[in-house]
Amino acid sequence: MDRSLKALFLVLPCALFSMAASTALAEQPPNVVLIFVDDLGYGDLGCYGATKVQTPNIDRLATEGRRFTDAHSVSAVCTPSRYALLTGKYPLRAKNGEGVWGPAPITSPLLVDTEKLTIADVFKQSGYDTAVIGKWHLGFKEGSNEWQEPLRPGPQDLGFDYYFGMPVVNSAPPYVYVENDHIVGNDPDDPLVLLGRNRDGATPITPIPPEAAQRSPNRFGGAKEAHKQFNDYQVGTTFAKKAVEWIEQRNKKPFFLYLATTNIHHPFTPAKRFQGTSQCGLYGDFIHELDWIVGEVLACLDDNGLSDNTMVIFTSDNGGMFNHGGQAAFKAGHRQNGELLGFKFGVWEGGHRVPFIVRWPGRVEPGTVSDQLLGNVDMLATFAAVTEQEFDKTQLGDSVNMLPAMIDDPDVPVRDHLVLAPHKGTHLSIRHGNWMYIPRQGSGGFGGRKLGDHTFAGPPAASFVGSINSDIENGKIREDAPPAQLYDLASDRAQTENLYRRHPDVVEKLSSLLKQYSSQIKRSDSGNARRPEGDPAKKTPAGPSPRTAAFDFESGKLAPWKIVEGDFGHPLGSRSEFFRSQREYNKQGEYYLTTLEPSPTAERGQDSQTGIIVSPLFIPATGSMTFRVGGGRGSATYVALCTADGKEVEQARGVNDQVMQNATWDLTPYAGQKMYLKVVDKSTTGWGHLTVDDFQFDAEVLNEYPKIASRRE
């Protein structure tokens, strides 16, 4: 449907949202600047208690506006958080009810339905100029995005007139800018090419030191000029410049700017002028650059006489992540999430309670603080009120108009409850009044278990930073801990005491309310949130092989396979249920080979593990090899059949599902040759892992290995 027709059918006649609000609104439509930052924790700003960083520009917003203490991103993960912000719908409703739970992969299509109302539509339909500058991370095109121009559908199909920014995330390729639907600096004679697993021809990118934290290698070749124009240390200053330029070009027309910074997501690459300016390393320096970006936008509004009629909202996509930079900052005395329990990706408060500041001169009382409950999903209905438009309730989805909480001082909560999602769907949780109910143990977030892990989180990290929680002892969930969690956040914002067993009536009420949402997630007949493609293997017991050779891992030991590159915390899994869906593992016997599990007791998998595992050499006879494979379908995760000199002659991979698929290779062309199997995991993004099991074939297995240097004999 054409977007102009969409507007005609969607918009109902304008109406005043309330007498109080109508008298507060200016005759001239207000401009709106929404600054949506990345991975900024509740304790990362001076106005929220930080002492090791200085944020005068953001603190100025709080002094001149209203600071919220109970604001949340409805997802603790970047992509679903952005989905909720733009659409006014909980991320569990995305993809026709399957939900969006993790970061969008490099090849993701556009995840937002172009036929549905967005925050940009709201402003566009009220005569505004609209732009998004900065991080997108919601995909482009339909189907798999292979990065061929034009990149449509994209932001311009969701109500934005203009887009300039980082297409995915600053820690993942392609390391280029996109403007509207084209790659900046792309040359038809040297196009951007997705290389897949072979990165030998990848175009060089900005070198960064290890202390800047993790960044995935480039997987794209070509587009040398486009890559040259992208410098990690200039991303923040580039976005600030583009935002200022766009505002200055508006020519008195009302405008909406969605500025989505990459600060302070890893890698921490502030411009040179900010390096060494904080008291907590590169993490704090990156916050200082963020504060400067905000200052540039505020100065632009001042210089152009726009401040008095511009609503500025500042917030974050999720809580702080305790990665390498966060750990270094903590060592220097900085607590990124303040007193809150947990970190990004998890459903404890540190994962999703975020700074939220609104300034609107003459409308929002300066220097005020509000404890009203709100979520980023509420921006759609709030912006409809700001522009004095009225929409059907179904169009606003899960969004609640929070303008009364911004410009007035309501005696009662404007929002009754809020659904909060971590990365792990099993931990979808609900906030109701002062109560927070989590239906499982733990946080449902990252699973790194020791200091130095990029994904250090959960109970081990909570204990390390000194957080007290009645379910946790020595970095582990206590054996006698309740099966779920209930917290009274009015008296215990730090979530020190699980009240699950003390208030069964509250648990029953909130569990019932939560089920109204979780039951809407589309599931297959077997209960998984996605129906697997391919040919799912059946779970079978261990037994003698009818073939002359087999690798079924039933010894419980990795041998005779070897890790020859990288690190895998727990390469042989024995779980009975999948991490996310809790369905029964469709394995053969008890054990399987995995690149996902950091430990036997991990709360979730860890895609950040990478490396290579190989089998011993074998000499196959004619016939087929059967096996099962699960996990990611990406080009950087696969199992390969290799000749002795390392040539890969066959490959197989999962279908972005936990369910292992049946696979078969014909060994006849390789009969009599020395061969080996290689499991490759070079991915650190969503579905960046592999599981394999039950290799059955006819061969002579040798007591020797391919000539690959082994780190573990």
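Everything below is about the structure printed above this text.
Residues numbered from 1 in each chain as written. Predicted model: local features only at pLDDT ≥ 70, side-chain atom pairs only at ≥ 80, totals over all residues. Heavy atoms only, no water.

A. Summary view of the sheet that holds strand E17 (residues 435-438). A sheet is described by the order of its strands in space; here four strands give the open sequence E15-E16-E17-E20, paired in antiparallel fashion. Edge strands, defined here as strands with exactly one partner in the open sheet, are strand E15 (417-420) and strand E20 (485-488). Each strand of the sheet is rotated relative to its neighbour by a mean of 15 degrees, with strand direction disregarded. By the bridge criterion, four bridges tie E15 to strand E16 (residues 429-432) in an arrangement that is antiparallel. Note on E16: the bridge partner recorded for leucine 420 is serine 429. (Pairing = 2+ DSSP bridges. Helix = DSSP H or I, 4+ residues; strand = E, 2+ residues; numbered from the N terminus. Axes fitted to C-alpha atoms, helices over the stretch in contact; angles between N-to-C directions.)

B. Geometry of the nonpolar core. Counting 64 residues, the largest nonpolar core has Trp136, Phe256, Tyr258, Phe383 and Met406 as its most contacted members. Among the elements of the structure, strand E1 (31-37), helix H4 (78-87), helix H6 (119-124), strand E10 (255-260), strand E11 (310-316), strand E12 (356-359), helix H12 (379-386) and helix H14 (403-407) are those that each provide at least two residues to this core. Here the element with the most residues in this core is H12; it accounts for seven residues. If near-sequence neighbours (up to four positions away) are discounted, tyrosine 258 is found in contact with Leu34, Phe36, Arg82, Leu85, Leu86, Ala131, Val132, Ile133 and Phe160. Formed by 51 residues, the second largest nonpolar core is a distinct cluster that contains Tyr42, Ala131, Ala213 and Tyr283. (Core = buried A, V, L, I, M, F, W, Y, C linked by side-chain atoms within 4.5 Å. Buried < 20%, exposed > 50% of the residue type's maximum accessible area, 1.4 Å probe, protein only. Contact = heavy atoms within 4.5 Å.)

C. Molecular detail of the pairing of strand E25 (residues 611-614). Side chains Gly611 and Ile613 project from E25 onto one buried face, and the interleaved Ile612 and Val614 project onto a second face that is buried too. Alignment of strand E22 (residues 562-566) against E25, held across four bridges, turns out to be antiparallel. If you follow glycine 566 over to E25, its bridge partner there is glycine 611. The pairing of E25 with strand E31 (residues 675-681) spans four bridges and is classified as antiparallel. Its bridge partner lying in E31, glycine 611 is registered against aspartate 681.

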